[in-house]
Every structure is written in structure tokens, then in C-alpha cells.
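# Architecture at a glance
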Amino acid sequence: MIETIKKHIAEVEAFTASNKDEIETFRIKYLGKKGLLNDFFAEFKNVPNEQKKEFGKVVNTLKDTAQDKINTLKEVLESSEEIKGVYGDISRPGEPIELGARHPISIVKNKIIDIFSRIGFNISEGPEIEDDWHNFTALNLPEYHPARDMQDTFFIEKNPDVLLRTHTSTVQVRYMEENKPPIRTISPGRVYRNEAISARSHCFFHQVEGLYVDKGVSFADLKQTLQYFTTEMFGKSKIRLRPSYFPFTEPSAEVDVYWGLETETDYKMTKGTGWLEIMGCGMVDPNVLRNCNIDPEVYSGFAFGMGIDRIALLLHQIPDIRMFSENDLRFLEQFKSAY
Ligand code: PHE
């Protein structure tokens, strides 16, 4: 009998369980009302006197061992459940992190900023709600100047005028007012014009304008900078400058980049000419420098400005400018892989 009990002790010590049910079955087997221990205790009275002491000892050992076993198994099980509760199944393969998509306007804007920052241009920003001075007068567009009509303006208040800026040249004025040359800055931002909304034009869009003012800045510097830009931006280095007019620059030019005519898309984009108009530029008019307290006898500068939306439309072959502001996920998600 004593040998049998000792075997049970060994069995109890070796027992393991992976869930609560197994532990419970084990408990009933040993410690339950009809369990083995009660049988052994009942047997006590039949044990010969000289064996009673040892018998009692082993039965008690069996009882303690079984109870200890149950307690430890329960503890282990509970703590492993706790871990699962916090971390889930830690052996499961991880879920891939889904990439977000940048807006195509941001993608193109970042690219432009990146290219100019590599040659020492910093970034400047200004308010979208402007006054007459920064949007017009300081830029050599005095009151009643006919060129004011070139930019259909949204006025918020009249006399004194408060308006939505029609170009980010406003930021260049603010920058020149607050900083001394040498100045090398680009100003990205949203601008507004009172135009009919269509597939090609919107009443708001985005620009990046650039300004370089220092001693001895020449038109050759401007051309070189533009060529660097088109090479980095489009991989095209052939450009041409067509004479144009802006009130704030003299001389002024329109910049075309030679896109080529290799594919059908090239034909469509360039209307069969191979040339793509991408921006306006010129040498900063001395009047503008003077308005910003910079002496045009000492300093000269160039400026340029381009529409981000137009470039984004071209680069991504987007058929309608309104798609930029509709927040349609089917459209936006297509730019996931772009930077
Ligand atoms: N501000 C001009 C526009 O919005 C662009 C431009 C900037 C042209 C600088 C020449 C020089 O049309």
C-alpha cells in the first residue's frame, strides 16, 4: 500500500496541464470527495499499528504535493493568459504597416523645395489673406495699373483693401522687407484667383516662387538656375526663354522646357510642339527692390514663379484639376509609392 502511494506522489510531481479542465480533473482524482486521498484516509483504520506512522506520513505528503501542484499549475496558466490578453498571440506573424499616400500637390511641392534647397535656397511662407501693398503696390503695380486685371482678385474688404493673395510674390516682398541681401528664398503656398472653375483652372491653386538678390546677380545666373531646376525636376536640360511681361520684373520671360516628342503622351502634353511652358521669370524690377528698402544701385536679383498644380497635372497625366480638391480616396491612393 505504502509503495502504491509513493508511486502516486511521483506521478503527481510529474503531472503537467495545459488548461483549466485538466487541472480540475486532476484535482477531482486526488482531492475530490470520492478522490484517492479520501480512499487512503479511509484505509487508515485497516493499516497495522506499526505501519500507521509511515502510512500517515506518505498520505499527507501525497495530499500536500497534489495541492501544491494544483496551485502552481493554476498560477502558470493564469500568468500566460495575462500575457495573451496584453499581446495577443505572440507567435502570430505581424501585420504589414499600410503606407499612407501624400497628396500629388505635396509630392511635387516637396520635390521642387528639395531641388532648390540643394543650391542654398531657404523656404519662406506668408499669409494667404493680404493687403494691397504686398500683393500689388510693392510689386510695381500701383493703383489703376492695368496689369492688376491680369490677376482676378477676391476682395474681402475694400478701402483699405483686404484680399486673398493672387500669387506668392507677396512673400518675397515680406522677405525683402525683413532681410538684407544676400537673399535666396523660395516661397511655396496656396493662391486664389476669381476664375471660372473648369477642368483646366480653379479658383485656388498652388505656386512656388523663387527670389535671389545679391550684388551682381545677372540674367545668366537666372538661366543657369532654371536649367539646373529643369534637369533635376524633369530630367530635361533644354530650355528656352520667351520675352514676356510681368510688372515686377524687367526684363521678363516665359520659360519653356523641351520635353521631346517620343511618345503619344509627349504629343498630347506639348500639343505637338515638344515644348512645355512651365513658369514665368525675370530680373527683379528696381522699383520693387526700392519698395523693399534694397538699393538697386548696389543689388540686383532674379525671380521666378511656377504653378504646382499645372506641373502635377502634367507629370501624373491627371485629366482634371478639380480632382486635387475632391478628396476622392480612389484618386489619392494612387500616389502611395510616390514621395
Ligand atoms: N507672380 C507671377 C504670377 O503669379 C509669377 C512670376 C513670379 C513671374 C516671379 C515672374 C517672376 O503669375
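An unreviewed UniProt entry lists the chain under the name Phenylalanine--tRNA ligase alpha subunit, with Jejudonia soesokkakensis given as the organism. Quoted verbatim from the Subcellular location (unreviewed entry) heading of the UniProt record, the comment on the chain is "Cytoplasm". Per UniProt, the chain carries the Subunit (unreviewed entry) text "Tetramer of two alpha and two beta subunits."

## Considerations on the sheet that holds strand S2 (residues 129-131)
Taken in spatial order, the three strands line up as S2-S4-S3 in an open sheet, and their pairing is antiparallel. What marks the edges here is a single partner per strand, and that holds for S2 and strand S3 (155-157). Averaged over neighbouring strand pairs, the angle between their axes works out to 35° when direction is ignored.

## Considering the pattern of salt bridges
The full count for this structure, using the stated rule, is 13 salt bridges. A salt bridge links Glu 130 to Arg 174, with the shortest nitrogen-to-oxygen separation between them at 2.7 Å. Placement of Glu 130 in strand S2 and of Arg 174 in helix H7 (residues 169-178) is noted, with a sequence separation of 44 residues between them. One salt bridge connects Asp 256 with Arg 242, and the closest N-O pair in it is separated by 2.7 Å. With Asp 256 in strand S8 (residues 249-258) and Arg 242 in strand S7 (residues 239-246), the pair connects residues that are 14 residues apart, well separated along the chain. Residue Asp 256 is classed as buried on the basis of its relative accessible area, which comes to 3%.

Procedures and definitions
- Residues numbered from 1 in each chain as written.
- Predicted model: local features only at pLDDT ≥ 70, side-chain atom pairs only at ≥ 80, totals over all residues.
- Heavy atoms only, no water.
- UniProt positions renumbered as here; feature names shortened; annotations may be inferred.
- Pairing = 2+ DSSP bridges.
- Helix = DSSP H or I, 4+ residues; strand = E, 2+ residues; numbered from the N terminus.
- Axes fitted to C-alpha atoms, helices over the stretch in contact; angles between N-to-C directions.
- Salt bridge = Lys/Arg side-chain N within 4 Å of Asp/Glu carboxyl O.
- Buried < 20%, exposed > 50% of the residue type's maximum accessible area, 1.4 Å probe, protein only.

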